[in-house]
Amino acid sequence: MTTIIPIASGKGGVGKTVCTANLGVALARMGKTVILVDLDLGGSNLHTCLGIRNNRSGVGNLIHKQEDSLDSLLVETAEKRLFFIPGDSLLPGTANLSYFRKEKIIKDLFGLVADFVLIDLGAGSAYNTIDFFLCANNGLVVVVPETTSVLNAYSFIKSAIFRLIYRSFPNRSEERRIITEFSAGRLEGSDTKLGALADLLGQVNPDNASIVTERLQQFVPRVILNMGKETADVTIGAKLRQIARRNLEIELQYVGFVPVDPSVPRAILDRTPAIVGNPSSPFAGAMFAVAERLVHSRTASPPQLFDGNQDLDEITRQFFKANHA
Ligand SMILES: Nc1ncnc2c1ncn2[C@@H]1O[C@H](COP(=O)(O)OP(=O)(O)OP(=O)(O)O)[C@@H](O)[C@H]1O
Ligand SMILES: [Mg+2]
């Protein structure tokens, strides 16, 4: 059974790529087979963290139909059991990522065979990023102890939930219309809790309320608190959990508190994951602890969703207009 773990964040520069590379090494050293996929399209730089030359075909080539499948892009790394699929730094693909190519990438992701597939995503709530994040019920969200990072993480999780619920109903359904209106803030109760949306959907069909409740129960994003400086930083993580529980009715699972460590930026300059050069640093210890939790905590199977659809672009745009005006 392959466990897919997308790694996202609301704010950029919080350590997604660093976590992807180092967790990959940690898991491989614990005997797991790991594939790292660079899906930060437009900002691919995972190869740099891994010390791999930027001269191999990657997801950009797949998007431009120069390659047939994700697994044909697999590259070995210096680490035993750790493999890599490059992004689009060689051949930019973001602007050409059609709905169908995105679906193809997602289908191929589910076809990869390894113990773990870790996906490095771009920052923010672009709808492609969210669709990749929804390849799992337990994706990782990286936050740093700064108010903006936590607020953006909350926004990201909220956008992901709307999309998750939206894709739980078929295309052109009345339910999707209601969700779009609700997320755009045009329906009564939109500014309150998500439970109000479940109630509205329940009026269309009584079964809907339990569909939404079940989705929300299964959706448990995992959170890494990165670049921590003091234990008081943990309280900022607790706040995120509190607002997620209160407003979104979901639980978050914290899987690690990772200290800020000067060996990390140095390792990037050396083009090697920090835990390779400094396996006994506090940063490395924290990464192994996160890897341990990922190996031992139960992972829910991925959500079974209806196809994402072109009309989904609309919901994301409206949601953003309403929330970031
Ligand atoms: N625990 C840490 N200690 C010290 N520096 C860190 C730590 N984690 C990340 N960094 C530094 O933060 C910077 C950003 O890290 P990284 O590129 O992994 O972020 P990102 O979230 O992937 O960014 P982007 O959103 O641009 O993809 C890097 O320079 C890295 O060295
Ligand atoms: Mg990155």
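Before any of the text, the structure's been laid out above.
First, a word on scope: everything that follows refers to the structure included in this document. Everything numeric here is computed off the predicted structure, so don't read it as measured data.

### Section: the pairing of strand 1 (residues 3–8)
Move 1: Of all 6 residues making up strand 1, 6 are buried, and the element is well covered by its neighbours.
Move 2: Because side chains alternate across strand 1, one face comprises the buried residues Thr-3, Ile-5 and Ile-7, and the other comprises Ile-4, Pro-6 and Ala-8, equally buried.
Move 3: Pairing between strand 1 and strand 5 (residues 116–121): 5 bridges, direction parallel. Each bridged residue has a counterpart across the sheet, and for Ile-7 the counterpart in strand 5 is Asp-120.
Move 4: Alignment of strand 1 against strand 6 (residues 140–143), held across 2 bridges, turns out to be parallel. Bridge assignment links Ile-7 to a residue of strand 6, and that residue is Leu-140.

### Digging into the packing of aromatic side chains
Move 1: Scanning the model with the defined rule gives 4 aromatic pairs in all.
Move 2: Taken together, a centroid distance of 5.0 Å and an interplanar angle of 85° make the contact between Phe-133 and Phe-156 edge-to-face. Note that Phe-133 is positioned in helix 5 (residues 127–133) and Phe-156 in helix 6 (residues 147–166), a separation of 23 residues in sequence.
Move 3: Classification of Phe-133 by relative accessible area gives buried; the value is 0%.

### A closer look at the environment of Leu-164
Move 1: Relative to the assigned elements, Leu-164 resides in helix 6.
Move 2: The spatial distance from the C-alpha of Leu-164 to the C-alpha of Thr-33 is 29 Å, given a sequence separation of 131 residues.

### A short note on the sheet that holds strand 1
Move 1: Reading across from one edge, 3-4-2-5-1-6-7-8 is the order of the 8 strands in this open sheet, with mixed pairing throughout. Each of the sheet's edge strands pairs with one partner strand only, and the pair in question is strand 3 (75–76) and strand 8 (253–259).
Move 2: Inspection of the sheet shows strand 7 (residues 222–228) paired to strand 8 by 5 bridges, in the parallel sense. The partner of Gly-228 across the bridge, within strand 8, is Pro-259.
Move 3: On the sheet, helix 4 (residues 99–111) packs against strand 1, strand 2 (34–39) and strand 5 and is oriented at approximately 170° with respect to strand 2.

### Points about the site of ligand 1
Move 1: Close to ligand 1 lie 18 residues; Gly-15, Lys-16, Thr-17, Val-18 and Asp-261 are nearest.
Move 2: With respect to ligand 1, the backbone of Val-18 contributes an N or O atom lying 2.9 Å from an oxygen atom.
Move 3: Between a nitrogen atom of ligand 1 and a main-chain N or O atom of Asp-261, the distance comes to 2.9 Å.
Move 4: Considered on its own, ligand 1 offers 640 Å² of accessible surface; in the complex 79% of this is hidden by protein.
Move 5: Split into classes, the residues belonging to the shell around ligand 1 amount to 10 nonpolar, 5 polar and 3 charged.

### Thoughts on the side chain of Lys-16
Move 1: Within the secondary structure, Lys-16 is located in helix 1 (residues 16–29).
Move 2: Residues within four places of Lys-16 in sequence aside, it is in contact with Ile-7, Ala-8, Ser-9, Lys-11, Asp-120, Leu-121, Gly-122, Ala-123 and Val-142.

### Considerations on the nonpolar core
Move 1: The biggest cluster of nonpolar side chains holds 59 residues, and the ones touching the most others in it are Leu-39, Ile-105, Leu-109 and Ile-165.
Move 2: If you tally residues by element for this core, the top one is helix 6, at 11 residues.
Move 3: Core analysis: the second largest hydrophobic core is formed by 38 residues, Val-25, Cys-49, Met-287 and Val-290 among them.

### Re the environment of Leu-73
Move 1: Looking at the secondary structure, you find Leu-73 in the loop between helix 3 (59–63) and strand 3.
Move 2: Judged by relative accessible area, Leu-73 falls into the buried class, the value being 3%.
Move 3: Each C-alpha atom, one on Leu-73 and one on Arg-56, is 8.0 Å from the other, the two residues being 17 residues apart in sequence.
Move 4: Apart from the residues within four sequence positions on either side, Leu-73 is in contact with Ser-57, Gly-58, Val-59, Leu-62, Glu-67, Phe-84, Ile-85 and Pro-86.

### Comments concerning the pattern of salt bridges
Oppositely charged side chains may form a pair once their charged atoms are brought near each other.
Move 1: Following the criterion strictly, the structure yields 9 salt bridges and no others.
Move 2: Residues Lys-102 and Asp-131 are paired through a salt bridge, measuring 2.7 Å at the closest nitrogen-oxygen approach. Here the residue Lys-102 occupies a position in helix 4, and Asp-131 occupies one in helix 5, the gap between them amounting to 29 residues. Both residues of the pair, Lys-102 and Asp-131, count as buried.
Move 3: Close ionic contact of Arg-167 with Asp-131 constitutes a salt bridge, the shortest N to O distance being 3.0 Å. Highlighted residues: Arg-167 in the loop between helix 6 and helix 7 (174–183) and Asp-131 in helix 5, separated in sequence by 36 residues. For the residue pair Arg-167 and Asp-131, the accessibility class agrees, reading buried in each case.
Move 4: Here the salt bridges do not stand alone but share partners, grouping Lys-102, Asp-131, Arg-163 and Arg-167 into one network.

### Notes on the packing of helix 6 against helix 10 (residues 234–248)
Axes are the key here: two packed helices are described by the angle between their axes and the distance separating the axes.
Move 1: Close contact between helix 6 and helix 10 brings their axes to 10 Å; oriented N to C, the two are set at 30°. It follows from the interaxial angle that helix 6 and helix 10 lie roughly parallel. Where helix 6 crosses over helix 10, the handedness of that crossing is right-handed. Two secondary-structure elements touch here, helix 6 through Thr-147, Val-150, Ala-153, Tyr-154, Ile-157, Lys-158 and Ile-161 and helix 10 through Ile-236, Leu-240, Ile-243, Ala-244, Asn-247 and Leu-248.
Move 2: Looking at the contact of helix 6 with helix 10 residue by residue, the classes come out as 10 nonpolar, 2 polar and 1 charged.

Criteria and thresholds
- Residues numbered from 1 in each chain as written.
- Chains lettered and ligands numbered in written order.
- Predicted model: local features only at pLDDT ≥ 70, side-chain atom pairs only at ≥ 80, totals over all residues.
- Heavy atoms only, no water.
- Buried < 20%, exposed > 50% of the residue type's maximum accessible area, 1.4 Å probe, protein only.
- Helix = DSSP H or I, 4+ residues; strand = E, 2+ residues; numbered from the N terminus.
- Pairing = 2+ DSSP bridges.
- Phe/Tyr/Trp six-rings, centres within 6.5 Å; stacked < 30°, edge-to-face > 60°.
- Contact = heavy atoms within 4.5 Å.
- Axes fitted to C-alpha atoms, helices over the stretch in contact; angles between N-to-C directions.
- Near = heavy atom within 4 Å.
- Polar contact = N/O pair within 3.5 Å; in protein donor to acceptor, adjacent residues only side chain to side chain.
- Areas by Shrake-Rupley, 256 points an atom, 1.4 Å probe, with all protein chains shown as cover.
- Nonpolar A, V, L, I, M, F, W, Y, C, P; charged D, E, K, R; others polar.
- Core = buried A, V, L, I, M, F, W, Y, C linked by side-chain atoms within 4.5 Å.
- Salt bridge = Lys/Arg side-chain N within 4 Å of Asp/Glu carboxyl O.
- Parallel < 35°, antiparallel > 145°, perpendicular 65-115°, else oblique.
- Left-handed = near helix turned anticlockwise from the far one by under 90°.

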